Amino acid sequence: MFKTLYGNKTAVIIRGFSGSGKSTVAQTIAEEAAFNDCSVAIHETDNFFMTQNGYIFDGSMLGCYHSKNLESFCNSVDSGIHLIINSNTNVEYWEFSQYIKYASKNGYNIQIIDLYDNGLSDSALHERNLHGFPKDKYQLCRDRYERTYDNVRSNPH
């Protein structure tokens, strides 16, 4: 099954709310890639908030860290890594469109895995998330979440 899904160079965009399981899905796919002797890279903006003291979110750095994550993703594309995963919340299309554009321009297949809330309530998501995402912000994410991919299909480059 893995070779059927990822036989060619592929960029996987995993999106969903904090606590929905994005990092777990990314890690599962990466382990399968390694088992099948494929090079793989996972890019998550949250990793830039990791310090010696653990995860420390600084909202003032969010834009900078998203830019660094995109740059790192593009470097993986340029290096020819077989399977590249972007696992961010990606609530709105513009948040992941540059990943799609760069990868597809460079010959990568695109797969979007949309976990949304993974069937969980805001309370359950809040309990599962590892980064202290405020429970009262989930409704805001629900209100902004783009569930159609018209923009992706109509303008892939």
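Notes on the structure follow. If you're wondering where the values come from, they're calculated on a predicted model, not measured in any experiment. (Residues numbered from 1 in each chain as written. Predicted model: local features only at pLDDT ≥ 70, side-chain atom pairs only at ≥ 80, totals over all residues. Heavy atoms only, no water.)

**Quick look at the overall build of the protein**
Stage number 1. From N to C terminus, the protein includes 7 helices and 6 strands.
Stage number 2. Put simply, the protein runs from its N terminus to its C terminus through helices and strands in the order α-β-α-β-β-β-α-β-α-β-α-α-α.
Stage number 3. Its C-alpha radius of gyration of 15 Å places the protein within 12% of the 15 Å reference for a compact globule of 157 residues.
Stage number 4. Principal-axis analysis of the C-alpha atoms gives the protein an extent of 40 × 40 × 30 Å.
Stage number 5. Out of the 157 residues belonging to the protein, those deemed buried represent 41%. (Helix = DSSP H or I, 4+ residues; strand = E, 2+ residues; numbered from the N terminus. Rg over C-alpha atoms; globule rule 2.2 N^0.38 Å. Buried < 20%, exposed > 50% of the residue type's maximum accessible area, 1.4 Å probe, protein only.)

**Some thoughts on the packing of aromatic side chains**
Stage number 1. Here the structure, examined in full by the defined rule, presents 11 aromatic pairs.
Stage number 2. Here Phe-17 and Tyr-116 contribute two aromatic rings whose centre-to-centre distance is 4.8 Å and whose plane-to-plane angle is 50°, an arrangement assigned as tilted. With Phe-17 in the loop between β1 (10-16) and α2 (22-35) and Tyr-116 in strand β6 (residues 109-116), this pair connects stretches of sequence that are 99 residues apart. The pair formed by Phe-17 and Tyr-116 is uniform in burial state, with each residue classed as buried.
Stage number 3. The ring of Tyr-116 carries Arg-147 above its face, with NZ or CZ at 4.0 Å from the centroid. (Phe/Tyr/Trp six-rings, centres within 6.5 Å; stacked < 30°, edge-to-face > 60°. Lys NZ or Arg CZ within 6 Å of the ring centre and 35° of its normal.)

**Quick word on the sheet that holds strand β5 (residues 83-87)**
Stage number 1. The strand order across the open sheet formed by 4 strands is β2-β5-β1-β6, and the pairing between neighbours is parallel. Each having just a single partner strand, β2 (40-43) and β6 make up the two edges of the open sheet. When strand polarity is set aside, the average angle formed by the axes of neighbouring strands in this sheet is 15°.
Stage number 2. In this structure, β2 lies alongside β5, joined through 4 bridges in parallel fashion. From the neighbouring strand, Val-40 faces β5, where its bridge partner is Leu-83.
Stage number 3. Here α2 sits on the sheet in contact with β1, β2, β5 and β6, set at roughly 170° to β5. (Pairing = 2+ DSSP bridges. Axes fitted to C-alpha atoms, helices over the stretch in contact; angles between N-to-C directions. Contact = heavy atoms within 4.5 Å.)

**Considering the packing of helix α3 (residues 62-79) against helix α4 (residues 94-105)**
Stage number 1. Two numbers describe how α3 lies on α4: the axes approach to 10 Å, and their chain directions differ by 15°. The pairing of α3 with α4 is recorded here as roughly parallel in orientation. Judged by the sense of rotation from one axis to the other, the crossing of α3 with α4 is right-handed. In this structure, α3 contributes His-66, Asn-69, Leu-70, Phe-73, Cys-74, Val-77 and Asp-78 to the contact, and α4 contributes Gln-98, Tyr-99, Tyr-102 and Ala-103.
Stage number 2. Across the contact of α3 with α4, the residue classes break down as 7 nonpolar, 3 polar and 1 charged. (Parallel < 35°, antiparallel > 145°, perpendicular 65-115°, else oblique. Left-handed = near helix turned anticlockwise from the far one by under 90°. Nonpolar A, V, L, I, M, F, W, Y, C, P; charged D, E, K, R; others polar.)

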